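# Chain and residue survey
If you want the building blocks of each chain, they are given just below.
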Amino acid sequence: YTYLRAFQSLNHGVPFRERYNPNSLNGQNILVVDGSGQTGQATIQLAKIIGAKKVYAVGDSLHHRFLKTLGSIPLNPEGGVESVEKEMDLVIDSVQSHHYKHFTAAKALKSDGKLVVVGTPLTMDGLRKQSCQAFVEDFFAQINLMFVDQKKATFYDLFSSVIHYPEIMKMDLEVVFSLLARGLIKPRIIKYINTDELAHGYLTVNSSTIMGSIIYEPWIKRGPPKYFRNDNMYSHMT
């Protein structure tokens with residue numbers, strides 16, 4: 001679902017007639033906040049495929065080398081966005097509200113640029129966590145977005161999209177599978193796990209200490225088939 005989420009966030013608000021244009025981002029500068037995260041990695045790859053001129057990615061300096069292999073220009077979390085202020089046509093922000101201020105990302109936008117905040121509306125996110133602190137933090141983050149021109153800032157949530165626009169979701173998914181079949185997108189799979197390893201795998205994913213995905217296959221005992229293994233998955237990306 002990571003690549004579907006990335007594809008839909010890049011095309012959020014794009015007119016239907018332009019949605020499947022293979023060069024829909026032609027000549028545009030894109031900023032991906034949290035570029036080293038799973039959604040960020042997918043967003044960088046897809047932005048390059050559909051014609052983005054430059055893709056900038058915010059990430060820790062330890063991840064800059066990896067971000068370069070994806071074809072992006074890495075930026076530091078502190079001061080990085082300010083270095084590209086008013087230069088971005090599109091900013092994709094998938095960082096949770098209580099870790100990052102979306103208002104900062106909006107500074108990178110051109111006068112006619114667009115900020116897409118990926119995830120559920122922040123107050124709803126707080127409610128789902130059933131945490132008073134998270135609710136309050138998310139509420140004030142929502143208030144911060146009110147200071148961003150509402151013509152520029154918008155929320156995108158995959159699950160709401162599935163519920164309200166199922167036919168578009170199906171067509172978007174077909175595009176993603178087509179790109180995967182042609183080898184244009186290459187998910188970075190770190191490990192395959194079985195049921196015995198599920199709890200540890202869940203904790204690992206949520207710790208944000210890995211640079212890729214863990215695949216759960218309950219029937220495996222000794223790992224995936226050999227044809228799934230590819231340690232240099234990104235080195236052949238076109």
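Fair warning: this is a prediction, and the values are worked out from it, not measured in the lab. (Residues numbered from 1 in each chain as written. Predicted model: local features only at pLDDT ≥ 70, side-chain atom pairs only at ≥ 80, totals over all residues. Heavy atoms only, no water.)

### Topic: the overall build of the protein
If you tally the helices and strands in the protein, you get ten helices and eight strands. Evaluated residue by residue, the protein yields a buried proportion of 44% over its 238 residues. When contacts within the protein are restricted to residue pairs at least 6 apart in sequence, long-range pairs at least 24 apart make up 64% of them. Total accessible area on the protein stands at roughly 13500 Å², and carbon and sulfur atoms take up 56% of it. (Helix = DSSP H or I, 4+ residues; strand = E, 2+ residues; numbered from the N terminus. Buried < 20%, exposed > 50% of the residue type's maximum accessible area, 1.4 Å probe, protein only. Contact = heavy atoms within 4.5 Å. Areas by Shrake-Rupley, 256 points an atom, 1.4 Å probe, with all protein chains shown as cover.)

### Let's talk about the sheet that holds strand 4 (residues 88–93)
One open sheet holds the six strands; their spatial order is 3-2-1-4-5-6, and the pairing between them is parallel. In the strand order of this sheet, the two ends are held by strand 3 (73–75) and strand 6 (153–156), each with one partner. Here the average twist between neighbouring strands, direction ignored, is 20°. Direction of pairing for strand 1 (residues 29–33) relative to strand 2 (residues 54–58): parallel, over a ladder of four bridges. Each residue of the ladder has a partner; that of Asn29, found in strand 2, is Lys54. Strands in contact with helix 1 (residues 2–10) are strand 1, strand 4, strand 5 (109–118) and strand 6; relative to strand 6, the strand with the most contacts, it is inclined by about 155°. Those strands touched by helix 3 (residues 38–49) are strand 1, strand 2 and strand 4, and its axis lies near 170° from that of strand 2. (Pairing = 2+ DSSP bridges. Axes fitted to C-alpha atoms, helices over the stretch in contact; angles between N-to-C directions.)

### Concerning the packing of aromatic side chains
One pass over the structure, following the stated rule, counts two aromatic pairs. Relative to Tyr20, the ring of Phe7 has its centre 6.4 Å away and its plane inclined at 15°; by these criteria the two rings are stacked. Here Phe7, found in helix 1, pairs with Tyr20, found in the loop between helix 2 (16–19) and strand 1; they are 13 residues apart in sequence, far enough to count as distant. For Phe7, a relative accessible area of 4% puts it in the buried group. Given a relative accessible area of 30%, Tyr20 falls into the partly exposed group. The rings of Phe7, Phe16 and Tyr20 are connected pair by pair, giving a single aromatic cluster. (Phe/Tyr/Trp six-rings, centres within 6.5 Å; stacked < 30°, edge-to-face > 60°.)

### Comments concerning a nonpolar patch on the surface
Residues Phe16, Tyr20 and Met171 make up a contiguous nonpolar surface patch of roughly 260 Å² in combined accessible area. By the element assignment, Met171 lies in helix 9 (residues 166–181). Exposure remark for Met171: the relative accessible area of 31% places this residue in the partly exposed category. (Patch = residues over 30% accessible without salt bridge, like charges linked within 9 Å, V, L, I, M, F, W, Y side chains within 5 Å. Salt bridge = Lys/Arg side-chain N within 4 Å of Asp/Glu carboxyl O.)

### Some remarks on helix 9
With 16 residues, helix 9 extends 22 Å between its outermost C-alpha atoms, agreeing within 8% with the 22 Å of an ideal straight helix rising 1.5 Å per residue. Burial in helix 9 covers these residues: Met169, Asp172, Val176 and Leu179. One side of helix 9 carries all its buried residues, which in axial view fall inside an arc of 85°. Structural note: helix 9 exposes Glu167, Glu174, Phe177 and Ala181 on the side pointing more than 90 degrees away from its buried face. Along its buried surface, helix 9 packs onto helix 1, helix 2, helix 3 and helix 8 (158–164). Gly183, located one to two residues past helix 9, shows a positive phi value of around 75°. (Expected span 1.5 Å × (residues − 1). Arc of directions from axis to C-beta.)

### Details of helix 3
What sets the pattern is the α-helix's 3.6 residues per turn: residues three or four places apart point alike. Taking 1.5 Å per residue as the helical rise, helix 3 with its twelve residues ought to reach 16 Å, and the 17 Å between its terminal C-alpha atoms agrees with that figure. In terms of residue burial, helix 3 counts as a mostly covered element, since nine of its twelve residues are buried. Taken together, the buried positions of helix 3 are Thr39, Gly40, Gln41, Ala42, Thr43, Ile44, Gln45, Leu46 and Ala47. Residues of helix 3 that are buried in the fold lie against helix 1, strand 1, strand 2, helix 4 (64–69), strand 4 and helix 9. Two residues or fewer past helix 3, Gly51 is found with a positive phi of approximately 95°.

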